[in-house]
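So you can see what is in the structure, the chains are spelled out below.
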Amino acid sequence: MLRIRIVEEELMRYYAEQEMRCPVHFCVGQEAVSVGVCQALAHDDSVMSSHRCHGHYLAKGGSLKGMVAELYGKSSGCASGRGGSMHLIDLSVNFLGATSIVAGTIPIAVGVGFSNKLKDEQSVSVVFFGDGATEEGLFYESLNFAELHNLPVLFVCEHNFYSVYSPISVRQPSSRDIYKVAASMGLDSIRIDGNDVEAVYLATQSALESVHSGNGPYLIEATTYRWVEHCGPNYDNHIGYRSEEEYLNWREKDPVATFEEKLLKDTCASKEFIGTARQQILKEIRDVVDYAKRLPFPDSSELAKGVYAS
Ligand SMILES: Cc1ncc(C[n+]2csc(CCOP(=O)(O)OP(=O)(O)O)c2C)c(N)n1
Ligand SMILES: [Mg+2]
């Protein structure tokens, strides 16, 4: 979590230089969902994500160099410099991809689960998406298909209460709970505190046990909060779609600081250990940004590469 946090904070700082020429959706404040889920997964379990994918990619073990080079549009980026922040991929760790189409990867992850089942493989297909994605038809179609075919899929809804500037209260009836929608469609489901990394980890473990024992797909709704604007590195509480008070309440529930305090209190980690980790991560990301800036852009002769299947 600390690595994701520091990487994001540094990228937010570098973003102002305008050398990363792609929209970036930061996940600061939401790190516990990425880490709690991915820590419980096996290497062969696959992950797919959405526009806010940095945390999921890094937590699954995606290459930081590949990610940063991609943000700078460089040819050795994880999507060859063509996708940018919203299209991260690292097949070596079974991070199968992310797209900018809200809910777009949900059916793809269901297809992966279907494939796993047909091939009699034990791996689980995991897909992260936001609360806004549950307003797309694809969400319902995908849950229905996964339940009908008893597929090994774990749906993780990162419920941060907003879709861009629209709070959940203007988008869904207040009496409706996302995890109960899944339950009404026959899935096992649970709502958890997505800022509590241990709760996320334990919930994922039991969800995986359920999937592995043949109970079919499972949905976890993890409540959390994004700290900065929908897209970009700035704080935007002053523009009126959410209150400073609400934001400050969530800052109190900072997943990284809360867990750090717990580790210190339980003497699982020392202040020195955490301080050293902080310095190492800071050096790592600064070195990677320096390296990424020096890499070449893709050659214009490659413009049409990958557009059509050969
Ligand atoms: C199909 C589709 N509709 C609209 C958009 C524009 N859009 C991009 S992100 C976003 C908000 C999605 O909210 P949520 O799923 O809750 O994710 P969050 O940004 O909160 O992480 C929207 C509407 C899009 N990219 N794709
Ligand atoms: Mg949201």
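The structure this text deals with has already been given above.
Quick caveat: nothing in here was measured; it's all calculated off a predicted structure.

**Student:** I would appreciate a short explanation of the site of ligand 1 in the present structure.
**Tutor:** In the vicinity of ligand 1, 14 residues are found, and the nearest of them are R52, V102, G130, G132 and S163. Looking at the shell around ligand 1 residue by residue, the class counts come to five nonpolar, seven polar and two charged.

**Student:** Whenever I open this one, the packing of helix 5 (residues 105-118) against helix 6 (residues 137-148) confuses me. Can you help?
**Tutor:** To describe two helices that pack against each other, one gives the angle between their axes and the distance between the axes. Remark: helix 5 packs on helix 6, axes separated minimally by 9 Å, with the N-to-C direction vectors making an angle of 15 degrees. Compared by their axis directions, helix 5 and helix 6 come out roughly parallel. Remark: the crossing between helix 5 and helix 6 carries left-handed chirality. Packed against helix 5, whose contacting residues are I106, P107, V110 and G113, the element helix 6 presents L138, F139, E141, S142, F145 and A146 at the interface. When grouped by side-chain class, the residues that make up the contact of helix 5 with helix 6 number seven nonpolar, two polar and one charged.

**Student:** How should the environment of I178 be read in this particular structure?
**Tutor:** Inspection of the secondary structure puts I178 in helix 7 (residues 178-184). For the pair I178 and I190, spaced twelve residues apart in sequence, the C-alpha to C-alpha distance is 9.3 Å. Discounting chain neighbours no more than four positions away, the residues touching I178 are D131, T134, C157, H159 and E221.

**Student:** Can you walk me through the nonpolar core in this structure?
**Tutor:** Soluble globular proteins tend to bury their nonpolar side chains together. Among the nonpolar cores identified, the biggest contains 79 residues, and V68, V127, L154 and V156 are the most heavily contacted of them. Sequence-distant contacts of V68, that is, excluding residues within four places in its chain, are made with V288, V289 and A292.

**Student:** Is there a simple way to think about the packing of helix 4 (residues 64-71) against helix 11 (residues 271-294) in this case?
**Tutor:** Running from N to C, helix 4 and helix 11 point in directions that differ by 50 degrees, and their axes come no closer than 9 Å. The angle between helix 4 and helix 11 falls in the class oblique. At the point where helix 4 passes helix 11, the crossing takes the right-handed sense. When helix 4 is examined against helix 11, the residues L64, K65, V68 and A69 are found in contact with a partner set consisting of V288, V289, Y291 and A292. Counted by class, the contact of helix 4 with helix 11 contains seven nonpolar, no polar and one charged residues.

**Student:** So what exactly am I meant to see when it comes to helix 6 here?
**Tutor:** Since the α-helix advances by 3.6 residues per turn, residues separated by three or four positions end up pointing in the same direction. The terminal C-alpha atoms of helix 6 lie 17 Å apart, and with twelve residues this matches the ideal 16 Å at 1.5 Å per residue to within 8%. Taken residue by residue, helix 6 has F139, S142, L143 and A146 as its buried positions. For helix 6, the angular spread of the buried residues around the axis is 100 degrees, confining them to a single face. Along helix 6, the residues that are exposed and aim more than 90 degrees away from the buried face are G137 and L148. Considering only its buried residues, helix 6 is in contact with helix 5, strand 4 (153-159) and helix 7.

Cut-offs used in this document
Residues numbered from 1 in each chain as written. Chains lettered and ligands numbered in written order. Predicted model: local features only at pLDDT ≥ 70, side-chain atom pairs only at ≥ 80, totals over all residues. Near = placed C-beta within 6 Å. Nonpolar A, V, L, I, M, F, W, Y, C, P; charged D, E, K, R; others polar. Axes fitted to C-alpha atoms, helices over the stretch in contact; angles between N-to-C directions. Helix = DSSP H or I, 4+ residues; strand = E, 2+ residues; numbered from the N terminus. Parallel < 35°, antiparallel > 145°, perpendicular 65-115°, else oblique. Left-handed = near helix turned anticlockwise from the far one by under 90°. Contact = placed C-beta atoms within 7 Å. Core = buried A, V, L, I, M, F, W, Y, C linked by C-beta atoms within 7 Å. Buried ≥ 20, exposed ≤ 12 C-beta atoms within 10 Å, placed from the backbone. Expected span 1.5 Å × (residues − 1). Arc of directions from axis to C-beta.

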